[in-house]
Amino acid sequence: MRIVLTGAAGFLGSHLSARFLEEGHDVVGIDNLVTGSRENLAWLQGFPGFSFRRHDVSTSLYVQGDVDGVLHFASPASPVDYLELPIQTLKVGSLGTHNMLGLAKEKGARFLLASTSEVYGDPEVHPQPESYWGNVNPVGPRGVYDEAKRFAEAMVMAYHRHHGLDTRIARIFNTYGPRMRPGDGRVVSNFVVQALRGEPLTVYGDGSQTRSFCYVADEVEGLYRLFMSSEVDPVNVGNPHEFTIRELAEEILRQVEGPSTLEFRPLPEDDPQVRQPDITRAREILGWEPAVSLREGLERTIPYFRKRVEAEDVRARPVG
Ligand code: UDP
């Protein structure tokens, strides 16, 4: 197959591109490098089947030749990024999705949208099944990401119903692992980089809010299986083991064994209190569930960050 993957220089986009390349497919990676990294790109450029175009998919894109799959992963995805880039985030989720659906329709290609657990907002149903419609504040600071992704899902279903496009929607929950940007601003990269630098870990609120963290290899396996399946309705792809942010901080401190302590900071506006995927559908339809525990996943991730911290002046990026 020949795959067009937007956001190919990003964390998940680069891992998923590598997976397609390892399976013998060709990948045309697209990225405007606003939050994507040149290191990830250099890694992919080592595969003969990879080619790259620097482009902002919020404006239209023409790709020559046959295309079998379009996977839309481009977007700022860390809260600190989308708060700094609110208009770009809205545009890539809305106009970018529209443009990539147009490309898939033109080529007769299958389309996969990287959607998000953020479509559930600050959920009133726990854990979250795909049938839950969510609790999102459209005018709050996180609305730029959440509503763009909700619009994107609606657009994908409209192309499916109206144009008969073959589509998939993955709702991705918090994912971590090697190749995350050290300054990404999300909780795993912040805490690990802070612990390695001997700085205090910045816990927002009292750290009782929860997340369910999926190791990147598990996430990529789930996404690859979803793309290969025939499931059109949204599927949660995440790890159902739920931890408080305080528990995450304590596990990282235990593994890094440095002098760091915890520093409590105000909870950002509209920060979801709980999050855990109900993965019944993924288990049934894809025969998939995560295999890597948080403990093992961190054991594989910390050495990557350690190398980065030792080689360069990389820093965590907490809010405030
Ligand atoms: N968080 C934290 N300290 C940080 C970064 C994040 O306590 O330095 C918390 C944040 O308030 C949220 C959780 O960790 O409750 C996950 O935040 P992240 O930015 O990773 O992504 P989110 O799941 O909110 O999209």
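Here, every reference points to the structure presented above.
Residues numbered from 1 in each chain as written. Predicted model: local features only at pLDDT ≥ 70, side-chain atom pairs only at ≥ 80, totals over all residues. Heavy atoms only, no water.

Colleague: Explain the packing of helix H6 (residues 187-196) against helix H8 (residues 245-256) to me, using residue names and the numbers behind them.
Modeller: Contact pair H6 / H8: the axes reach a minimum separation of 10 Å and the direction vectors enclose 35 degrees. The two elements H6 and H8 cross, and the hand of that crossing is right-handed. Along its contact with H6, which presents Val187, Val188, Phe191, Val192, Ala195 and Leu196, the element H8 presents Ile245, Leu248, Ala249, Ile252, Leu253 and Val256. The residue inventory of the contact of H6 with H8, partitioned by class, reads 12 nonpolar, no polar and no charged. (Axes fitted to C-alpha atoms, helices over the stretch in contact; angles between N-to-C directions. Helix = DSSP H or I, 4+ residues; strand = E, 2+ residues; numbered from the N terminus. Left-handed = near helix turned anticlockwise from the far one by under 90°. Contact = heavy atoms within 4.5 Å. Nonpolar A, V, L, I, M, F, W, Y, C, P; charged D, E, K, R; others polar.)

Colleague: Residue-level account of the site of the ligand, with values.
Modeller: Not every one of the 17 residues close to the ligand is listed here, only the nearest: Thr202, Tyr204, Arg211, Asp271 and Arg275. In the model, a nitrogen atom of the ligand is placed 2.5 Å from a nitrogen or oxygen of the Thr202 main chain. At 3.0 Å, a side-chain N or O of Gln209 approaches an oxygen atom of the ligand. When the ligand sits alone it has 520 Å² of accessible area, and the protein chains cover 96% of it. Mapped by element, the contributors of at least two residues to the shell around the ligand are H6 and strand E8 (201-204). Considering only residue class, the shell around the ligand consists of seven nonpolar, four polar and six charged. (Near = heavy atom within 4 Å. Polar contact = N/O pair within 3.5 Å; in protein donor to acceptor, adjacent residues only side chain to side chain. Areas by Shrake-Rupley, 256 points an atom, 1.4 Å probe, with all protein chains shown as cover.)

Colleague: How would you explain the environment of Gly29 if you had to name every residue and give the values?
Modeller: Within the element layout of this structure, Gly29 appears in strand E2 (residues 26-31). Note: C-alpha distance between Gly29 and Ser117 (88 residues apart in sequence) is 24 Å. Not counting residues up to four positions away in its chain, the partners in contact with Gly29 are Leu5, Ala8, Phe50, Ser51, Phe52 and Arg53.

Colleague: Tell me about the packing of aromatic side chains, and name the residues and values.
Modeller: Applying the stated rule across the entire model yields eight aromatic pairs. Between Tyr120 and Tyr132 the ring centres are 6.0 Å apart and the planes differ by 15 degrees, which places this aromatic pair in the stacked class. Within this pair, whereas Tyr120 is found in the loop between strand E5 (110-116) and helix H5 (143-163), its partner Tyr132 is found in the loop between E5 and H5, the two being separated by 12 residues in sequence. For the pair Tyr120 and Tyr132, a shared accessibility class is recorded, and that class is buried. Of the aromatic side chains, those joined through ring pairs into one cluster are Phe20, Tyr224 and Phe227. A cation over an aromatic ring shows up here: Arg110 above the ring of Phe227, its NZ or CZ 5.4 Å from the ring centre. (Phe/Tyr/Trp six-rings, centres within 6.5 Å; stacked < 30°, edge-to-face > 60°. Buried < 20%, exposed > 50% of the residue type's maximum accessible area, 1.4 Å probe, protein only. Lys NZ or Arg CZ within 6 Å of the ring centre and 35° of its normal.)

Colleague: Residues and numbers for the sheet that holds strand E4 (residues 69-72), please.
Modeller: The sheet built from seven strands is open, its strands ordered E3-E2-E1-E4-E5-E6-E11 with parallel pairing. Each of the sheet's edge strands pairs with one partner strand only, and the pair in question is strand E3 (50-54) and strand E11 (235-237). Each strand of the sheet is rotated relative to its neighbour by a mean of 20 degrees, with strand direction disregarded. As judged from the three bridges shared by strand E6 (residues 167-172) and E11, these two strands associate in the parallel manner. Each bridged residue has a counterpart across the sheet, and for Arg171 the counterpart in E11 is Asn236. The strands touched by helix H1 (residues 11-22) within the sheet are strand E1 (2-6), E2, E3, E4 and E6, with E1 carrying the most contacts at an inclination of about 175 degrees. Sitting on the sheet, H5 is in contact with E5 and E6, with an inclination near 155 degrees to E5. (Pairing = 2+ DSSP bridges.)

Colleague: Lay out H5 in plain terms, naming residues and giving numbers.
Modeller: End to end, H5 covers 28 Å across 21 residues, agreeing with the expected 30 Å (1.5 Å per residue, within 8%). All of the buried residues along H5 are Gly143, Val144, Tyr145, Asp146, Ala148, Lys149, Ala152, Glu153, Met155, Val156, Met157 and Tyr159. Those residues of H5 that are buried are in contact with helix H3 (79-84), helix H4 (86-107), E5 and E6. Once H5 ends, the next one or two residues include Gly164, with phi positive near 70 degrees. (Expected span 1.5 Å × (residues − 1).)

Colleague: Just give me the short version of the side chain of Glu153, but keep the residues and values in it.
Modeller: Residue position: Glu153 is located in helix H5. A polar atom in the side chain of Glu153 sits 2.7 Å from the side chain of Arg171. In this structure, Glu153 is in contact with Leu113, Ser115, Val119, Ile169, Arg171 and Pro234, ignoring residues within four places of it in sequence.

Colleague: Give me the lowdown on unusual backbone geometry, citing residues and values where you can.
Modeller: Geometrically, the link from His126 to Pro127 is a cis peptide bond, its omega value of -10 degrees lying close to zero. Note that Pro127 resides in the loop between E5 and H5. The phi dihedral of Asp270 is positive, around 65 degrees, even though this residue is not glycine. Counting through the fold element by element, Asp270 comes out in the loop between strand E13 (262-265) and helix H9 (280-286). Note on Asp270: relative accessible area 31%, which makes it partly exposed.

Colleague: Run through helix H10 (residues 294-311), naming residues and quoting values.
Modeller: In this model H10 runs 26 Å from its N-terminal to its C-terminal C-alpha over 18 residues, within 8% of the 26 Å that 1.5 Å per residue would give. Regarding H10, the residues found buried are Leu294, Gly297, Leu298, Thr301, Ile302, Tyr304, Phe305, Arg308 and Val309. Buried residues along H10 sit in contact with helix H2 (38-44), strand E7 (175-176), H6, strand E10 (214-215), strand E12 (242-244) and H8.

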